[in-house]
Amino acid sequence: MAFMTVATKNVDQAFALAKERYAELGVDVDKALSRLARIPISLHCWQGDDVGGFENAGEELGAGLAVTGNYPGKARTADELRSDLDKALSLIPGTHRLNLHASYAETGGKAVDRDALEPAHFQGWIDWAKSNRMGMDFNPTYFSHPKASDGWTLAHPDKAIREFWIDHGIACRKIGAAFGKALGTPCVTNVWIPDGMKDLTVDRKGPRERLAQALDAMFVDPIDPKLNLDAVEGKLFGLGSENYVVGSHEFYLGYALSRKKLLCIDAGHYHPTEVISDKLSSALTFLDEVLMHVSRGVRWDSDHVVLLTDEIEAIAQEIVRGDYLDRVHIGLDFFDASINRVAAWVIGTRSMIKALMLALLEPIDALRKFEAEGDYTSRLALLEDLKSLPSGAVWDKYCQSREIPVGPAWLADVKKYEADVLSKRG
């Protein structure tokens, strides 16, 4: 099936009618799209190479991480990964960010352990981000390393191993600050560790005390928040840590509150019946800012490509309705090797942006008025009617205005890139 380009005339006509329809509800569509264009999404580098990084090609991920599928064309080098990102970004409207892991350092073929990483090892990424006029975020890599082979890092009972990982975190904060200085926008440096137990656990207190002490040592030196923002990320369970995770949601919520750090809320890191949309207003009542890792869990923390699901829409609604757009850092976190990896980036990011657009197109003043007056019937009726409004016409116009392919036409571009580039990687 060929995906045809939508005629400009048709896009313009549909958009004009959609604007009139939304205006009847008091919604300024142009204002909504202008605000949408200023919301950056942080694309995760690891979708492009199955979380491999460039330290030890082919080494097992460990830490309960698993990537399924073997679709051809995986990026094997930093240049290939940057090329794939360029293609994805050319098909996504707006100006966005890159979320990078420490294991994607470029060391020129020299062995540099993680506690000795420096900003110079990421200069290629800084130069690339500058050329794209985008900011970057960062993550220490607490997996795929001999000193993490038993699944323990910052909470490790061995002091020497803890200190190695503390030093890695310190190095990464400095790298994050270098990103912020070079790119003119704060880097969010997010800490996630895999530490935990597979089966019944007797001592839950000791590892958490060690983790708190290790984090305090890592964060002891202040960094200008204009350059770097520290975040901590909890998890419910992982493969190999089904019974007990040291860095639970409650642990990191307490740590973020007491140490004035950002809390990272990952969509897959809670019980399957929990949703992060309901957590945002609670966390932001007490925290200045939060980081979100948006993914799509299927039965467990499986990090499927983000789609325009009810929960993704609910997340966007909470951000917009709560006026949190300047307090929530939105990043993506999925890795699917069963489909074209560039297409996965495009689908997931566009879905997140669409959700934000839908939230910005809500007649929020009318909805708040109904709620404040106790007119829940009108509130429910209007929310339901919004689902059938011509939002697709607004999305098409937004893409067209940013010189991005309209509708599914972007897929033809990805297919051509696959034939010309990805298929030749062996």
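Just above, that's the structure.
Here's a quick rundown of the structure. Note that this is a predicted model, so its numbers are computed, not measured.

**Digging into empty space enclosed by the protein**
Moving on, step 1. Across all of its chains, the model carries one cavity of 30 Å³ or more by this definition.
Moving on, step 2. The calculated volume of the largest cavity comes to roughly 40 Å³.
Moving on, step 3. Residue lining of the largest cavity: Ser42, Asn99, Asp137, Phe138, Asn139, Val188, Asn190, Leu291, His293 and Gly331, and that is the complete set.
Moving on, step 4. Contributing elements (two or more residues each) for the lining of the largest cavity: strand E3 (136-139), strand E4 (187-191) and strand E9 (290-294).

**Brief notes about helix H14 (residues 410-420)**
Moving on, step 1. Regarding H14, the residues found buried are Trp410, Val414, Tyr417 and Glu418. Buried residues in H14, looked at end-on, bunch into an arc of 100 degrees, giving them a common side.
Moving on, step 2. Structurally, H14 contributes buried residues whose contacts are with helix H3 (78-89) and helix H10 (341-360).

**A closer look at the packing of H3 against H10**
Moving on, step 1. Across the interface, H3 lies against H10 with an axial gap of 9 Å and an inter-helix angle of 40 degrees. The pairing of H3 with H10 is recorded here as oblique in orientation. Between H3 and H10 lies a crossing of right-handed hand. Within the contact between the two elements, H3 uses Leu81, Asp84, Leu85, Lys87 and Ala88 and H10 uses Val342, Trp345 and Val346.
Moving on, step 2. Residue composition of the contact of H3 with H10, by class: six nonpolar, no polar and two charged.

**Examining the side chain of Arg173**
Moving on, step 1. Residue position: Arg173 is located in helix H5 (residues 159-183).
Moving on, step 2. Among the polar contacts made by the side chain of Arg173, one reaches the main-chain carbonyl oxygen of Asp221 at a distance of 2.8 Å.
Moving on, step 3. Not counting the four nearest positions on each side in its chain, Arg173 is found in contact with Met218, Phe219, Asp221, Ile223, Asn228, Asp230 and Lys261.

**Side note on the pattern of salt bridges**
Moving on, step 1. Per the stated rule, a full pass over the model turns up 26 salt bridges.
Moving on, step 2. The shortest N-O distance in the salt bridge between Arg425 and Glu80 comes to 3.7 Å. Taken together, the residues span a long stretch of sequence, with Arg425 in the segment after H14 and Glu80 in helix H3 at a distance of 345 residues. Taken individually, Arg425 and Glu80 each receive the classification buried, so the pair is uniform in this respect.

**Focus on the environment of Ile339**
Moving on, step 1. Assignment of secondary structure puts Ile339 in the loop between strand E10 (328-332) and H10.
Moving on, step 2. Exposure remark for Ile339: the relative accessible area of 29% places this residue in the partly exposed category.
Moving on, step 3. The contact partners of Ile339, leaving out residues within four places of it in the chain, are Tyr71, Val305 and Ala344.

**Description of the pairing of strand E6 (residues 228-233)**
Moving on, step 1. The buried count for E6 comes to six of six residues, which makes it a mostly enclosed element.
Moving on, step 2. Across the two faces of E6 the burial is the same, with Asn228, Asp230 and Val232 and Leu229, Ala231 and Glu233 all buried.

**Quick word on the environment of Val305**
Moving on, step 1. Here Val305 lies in the loop between E9 and helix H9 (310-321).
Moving on, step 2. Setting aside anything within four residues of it in sequence, one finds Val305 in contact with Arg296, Phe334, Asp336, Ile339, Ala344, Ile347 and Gly348.

**Here's the deal with the packing of H10 against helix H13 (residues 391-401)**
Moving on, step 1. Across the interface, H10 lies against H13 with an axial gap of 11 Å and an inter-helix angle of 120 degrees. As judged from the angle between their axes, H10 and H13 are oblique. Once H10 is placed against H13, the crossing between them reads as right-handed. Taking contact as the criterion, the partners of Arg350, Ile353, Lys354, Met357 and Leu358 in H10 are, on H13, Ser391, Val394, Trp395, Tyr398 and Cys399.
Moving on, step 2. Here the residues of the contact of H10 with H13 sort into seven nonpolar, one polar and two charged.

**Here's the deal with unusual backbone geometry**
Moving on, step 1. Non-glycine residue Lys260 carries a positive phi angle of around 60 degrees.
Moving on, step 2. Within the secondary structure layout, Lys260 lies in the loop between helix H7 (249-259) and strand E8 (262-266).

**Digging into the nonpolar core**
Grouped burial of nonpolar side chains is what soluble globular proteins tend to show.
Moving on, step 1. If you look at the biggest cluster of nonpolar residues, it comprises 123 residues, and the most contacted ones within it are Trp125, Leu154, Leu215, Ile330 and Met352.
Moving on, step 2. With 12 residues, H10 is the largest single contributor of residues to this core.
Moving on, step 3. Each residue touching Ile330, except ones within four places of it in the same chain, is listed here: Ile39, Pro40, Ile41, Ser42, Met292, Val294, Ile319, Met352 and Leu356.
Moving on, step 4. Counting six residues, the second largest nonpolar core, distinct from the first, contains Val188, Leu262, Cys264 and Leu291.

**A short note on the packing of aromatic side chains**
Moving on, step 1. One pass over the structure, following the stated rule, counts 13 aromatic pairs.
Moving on, step 2. Summarising the aromatic geometry, the rings of Phe122 and Phe138 are spaced 5.1 Å apart at their centres and angled 80 degrees between planes, so their arrangement reads as edge-to-face. Taken together, the positions of Phe122 in the loop between strand E2 (97-101) and helix H4 (123-131) and Phe138 in strand E3 put the pair 16 residues apart, joining distant regions of the chain. Each member of the pair, Phe122 as well as Phe138, is classed as buried.
Moving on, step 3. With a centroid separation of 6.4 Å and an interplanar angle of 15 degrees, the aromatic rings of Phe251 and Tyr255 are classed as stacked. Note that Phe251 and Tyr255 are positioned in helix H7 at a spacing of four residues, about one turn of the helix. Grouping residues by exposure puts Phe251 and Tyr255 together as buried.

What counts, and at which threshold
Residues numbered from 1 in each chain as written. Predicted model: local features only at pLDDT ≥ 70, side-chain atom pairs only at ≥ 80, totals over all residues. Heavy atoms only, no water. 1 Å grid on protein atoms, 1.4 Å probe; cavity = no way out; pocket = protein on both sides within 12 Å on 5 of 7 lines; lining within 4 Å. Points joined across faces, edges and corners; volume = space filled by probe spheres on them. Helix = DSSP H or I, 4+ residues; strand = E, 2+ residues; numbered from the N terminus. Buried < 20%, exposed > 50% of the residue type's maximum accessible area, 1.4 Å probe, protein only. Arc of directions from axis to C-beta. Contact = heavy atoms within 4.5 Å. Axes fitted to C-alpha atoms, helices over the stretch in contact; angles between N-to-C directions. Parallel < 35°, antiparallel > 145°, perpendicular 65-115°, else oblique. Left-handed = near helix turned anticlockwise from the far one by under 90°. Nonpolar A, V, L, I, M, F, W, Y, C, P; charged D, E, K, R; others polar. Polar contact = N/O pair within 3.5 Å; in protein donor to acceptor, adjacent residues only side chain to side chain. Salt bridge = Lys/Arg side-chain N within 4 Å of Asp/Glu carboxyl O. Core = buried A, V, L, I, M, F, W, Y, C linked by side-chain atoms within 4.5 Å. Phe/Tyr/Trp six-rings, centres within 6.5 Å; stacked < 30°, edge-to-face > 60°.

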